[in-house]
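Residues per chain, in single letters:
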Amino acid sequence: MAASEQAGDDSLYPIAVLIDELRNEDVQLRLNSIKKLSTIALALGVERTRKELIPFLTDTIYDEDEVLLALAEQLGSFTPLVGGNEHVHCLLPPLESLATVEETVVRDKAVDSLRIIAAQHSASDLETHFIPLVKRLAAGDWFTSRTSSCGLFSVCYPRASSSVKAELRQHFRNLCGDDTPMVRRAAAGKLGEFAKVVEPEYLKSDLIPLFTALSSDEQDSVRLLAVEACSNMASLLEPDDIEQLIMPTLREAAHDKSWRVRYMVADKFNELQKAVGPELTKNDLVPAFQSLLKDCEAEVRAASAHKVKDFCQNLPADSREQIIMSNILPCVKDLVSDGNQHVKSAMASVIMGLSPILGKDGTIEHLLPLFLTQLKDECPEVRLNIISNLDCVNEVIGIKQLSQSLLPAIVELAEDTKWRVRLAIIEYMPLLAGQLGQEFFDEKLNTLCMTWLVDHVYAIREAATLNLKKLVEKFDEDWAQKTVIPKITQMATDQNYLHRMTCLFCFNVLSQVCSEELVSKMMLPTIVAMANDAVANVRFNVAKTLQILIPKLDQSVIQIKVKPCLEKLKTDQDNDVQFYALEALDVTDKWSVYFRTTNGINRNDPRVHYGISRIEKTVASWRRHGLDFAVPKTK
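Residues numbered from 1 in each chain as written. Predicted model: local features only at pLDDT ≥ 70, side-chain atom pairs only at ≥ 80, totals over all residues. Heavy atoms only, no water.

- Of the protein, the UniProt comment under Sequence similarities (unreviewed entry) reads exactly: "Belongs to the phosphatase 2A regulatory subunit A family." (UniProt positions renumbered as here; feature names shortened; annotations may be inferred.)

Digging into the side chain of Q374
Part 1: Summarising the element assignment, Q374 is placed in helix α23 (residues 355-375).
Part 2: Given the relative accessible area of 0%, Q374 is considered buried.
Part 3: Setting aside its immediate chain neighbours within four residues, Q374 contacts V336, K344, M347, A348, I351, V382, R383 and I386. (Helix = DSSP H or I, 4+ residues; strand = E, 2+ residues; numbered from the N terminus. Buried < 20%, exposed > 50% of the residue type's maximum accessible area, 1.4 Å probe, protein only. Contact = heavy atoms within 4.5 Å.)

Comments concerning helix α15 (residues 239-254)
Part 1: Compared with the 22 Å implied by 1.5 Å per residue over 16 residues, the 20 Å span of α15 between its first and last C-alpha is markedly short.
Part 2: By the burial criterion, the buried members of α15 are D241, I242, I246, M247, T249, L250, A253 and A254. (Expected span 1.5 Å × (residues − 1).)

Here's the deal with the nonpolar core
Part 1: Counting 206 residues, the largest nonpolar core has F78, M233, V308, I351, M429, W452 and I488 as the members making the most contacts within it.
Part 2: Dropping the residues within four chain positions of it, M429 is found in contact with I410, F441, L445, L448, C449, W452, N467 and L471. (Core = buried A, V, L, I, M, F, W, Y, C linked by side-chain atoms within 4.5 Å.)

So, the pattern of salt bridges
Part 1: Going through the model one piece at a time under the given rule, you end up with 23 salt bridges.
Part 2: Across the pair D455 and R422 runs a salt bridge, and its minimum N-O distance is 3.0 Å. On the criterion of sequence distance, the pair formed by D455 in the loop between α28 (446-452) and α29 (458-475) and R422 in helix α26 (residues 419-436) is long-range, its members being 33 residues apart. The two residues D455 and R422 agree in class, both being buried.
Part 3: Here R500 ties to D533 by a salt bridge, and the two come within 2.6 Å at their closest N and O atoms. Taken together, the residues R500 in helix α31 (residues 497-510) and D533 in the loop between α32 (516-529) and α33 (536-549) connect sequence positions 33 residues apart. (Salt bridge = Lys/Arg side-chain N within 4 Å of Asp/Glu carboxyl O.)

Concerning the side chain of D178
Part 1: Within the secondary structure, D178 is located in the loop between α11 (162-176) and α12 (181-195).
Part 2: At 2.8 Å, the side chain of D178 and the side chain of R146 are in polar contact.
Part 3: Aside from chain neighbours lying at most four places away, what touches D178 is R146, V183 and R184. (Polar contact = N/O pair within 3.5 Å; in protein donor to acceptor, adjacent residues only side chain to side chain.)

Looking at the environment of L175
Part 1: Relative to the assigned elements, L175 resides in helix α11.
Part 2: For the pair formed by L175 and S149, sequence separation is 26 residues and the distance between their alpha carbons is 9.0 Å.
Part 3: Excluding anything up to four places from it in sequence, L175 contacts A138, R146, S149, C150, F153, V183, R184 and A187.

Section: unusual backbone geometry
Part 1: Of note, D476 is a non-glycine position whose phi angle comes to about 115°, a positive value.
Part 2: Topologically, D476 is positioned in the loop between α29 and α30 (477-490).

Structure below.
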């Protein structure tokens with residue numbers, strides 16, 4: 001008897017712990033408890049979960065929003081834990097309560113879970129349990145329940161009987177005419193989804209009038225959501241019906257007094273274009289699109305500009321070029337010089353895509369002048385959008401025409417008197433290199449990149465060194481060996497000590513992307529020779545550069561070439577040179593410890609442990625500064 005009582009107490013323990021934690025004052029503890037619901041349910045078994053856990057959760061839905069959100073999410077995957085599909089209806093009470101709470105994210109998550117478990121109901125259970133829930137929510141006193149119900153009609157309507165379907169359509173009709181704007185907004189947002197599951201005859205008789213009413217609602221937040229339903233409903237109708245039932249509303253929306261409604265039309269324009277078909281596009285949507293491109297609100301113009309390329313591609317082939325030339329291109333020309341930078345940037349992101357549509361002659365005559373204008377725009381994002389899409393134009397007009405038209409403008413910007421403009425062009429060079437190819441780059445732009453290394457502004461010289469690293473990554477090491485490193489080496493004897501220092505900076509970054517052999521043969525001799533420079537700043541940068549190169553070099557090279565150079569710099573008259581030379585020698589010694597360690601020296605030796613730990617700290621320091629070297633193999 002005592003044993004059975006003990007067993008009963010043990011079986012009650014999980015639910016007791018849950019209850020205690022759910023009532024705890026600590027929100028995090030309650031949240032953790034909710035996230036463990038599936039574990040608790042497994043411990044209880046399916047029958048006790050249905051009879052004890054679910055009723056308990058239903059009765060205690062009064063908590064912080066984050067706890068309720070976690071609960072709503074958990075219940076969506078609870079079907080196996082309550083005994084499968086035949087018992088799934090027992091999850092409806094807590095979710096129904098959650099669908100009526102004040103916090104929107106909790107309601108939305110509860111609706112998502114309800115939509116998931118709706119599909120798990122049998123047809124009879126759907127009409128017995130789920131659809132009555134939808135009706136209760138739709139007729140609830142609080143707007144929160146009515147807004148939640150709007151998202152449930154489309155999941156239960158297809159499997160309902162004819163008489164129940166009629167009731168559901170009536171309930172949805174009531175929601176579309178609700179006194180509360182939030183409910184009408186929710187209904188408008190789900191109208192297109194509901195239209196997809198309603199029979200064609202009821203689509204025209206029941207839903208189209210609702211669509212028309214919502215599209216002329218006094219609240220613009222309702223009207224803009226009705227626009228979203230437009231493409232869904234148009235895709236379900238014949239062209240004649242679209243012209244008669246949809247287009248009048250769409251024309252009004254494109255000229256709506258609220259910019260937010262017009263913005264929504266612009267944002268959904270490509271979907272609308274595909275839904276209404278080519279003939280209606282040509283007759284109705286082209287004038288509407290022109291109007292949106294010329295809209296008084298910058299947000300609407302920007303949204304429309306983003307759609308220009310796709311809109312032109314989807315135009316009827318027989319009249320595409322004529323429509324673009326007569327209707328779209330004049331608007332595009334205005335947007336290129338728009339007063340708002342977001343509009344110009346949006347236009348720059350798609351304008352290059354018009355080249356394949358207009359062909360070579362049309363691009364040269366009409367688009368190239370616009371590209372040149374945007375290349376010289378003061379907004380960096382506009383210039384970047386043009387440069388990043390040059391390959392579209394290159395494929396149409398060819399590299400020769402491109403070099404004659406756009407590249408002079410790029411070169412002009414690269415030599416601009418304002419250093420920030422030059423800096424922006426440097427950042428685009430790797431992108432240009434990838435699009436134009438190595439041969440063309442060497443012919444037209446390589447000299448420009450090397451010129452930046454001797455710019456009088458330090459920020460330009462620094463950016464130019466990083467630019468070279470990216471170019472080597474793009475083109476490969478052979479290109480660096482033949483084209484870049486010889487020119488950098490010449491800077492080592494330049495009269496200006498700043499240029500000699502730039503030479504060292506270049507070797508610093510290029511060593512990260514070049515092989516050990518190239519570093520040893522082409523970079524190291526120049527760096528060692530510069531240890532005799534007359535300027536102390538150059539000499540201590542030699543020490544710093546050698547310290548960075550150590551992980552890339554073979555141990556024998558370090559001992560024969562690097563260490564003697566550093567020993568000499570250690571005795572330099574300048575204190576800074578001495579400091580950096582000693583620091584580099586310290587790294588050299590640590591690296592030597594590593595090599596001896598890997599060649600069989602006792603790893604348990606405290607001195608070895610100390611050396612390895614110092615090496616690890618040094619390498620970590622290099623990596624924090626962007627120098628991510630792999631440890632070289634021992635010889």
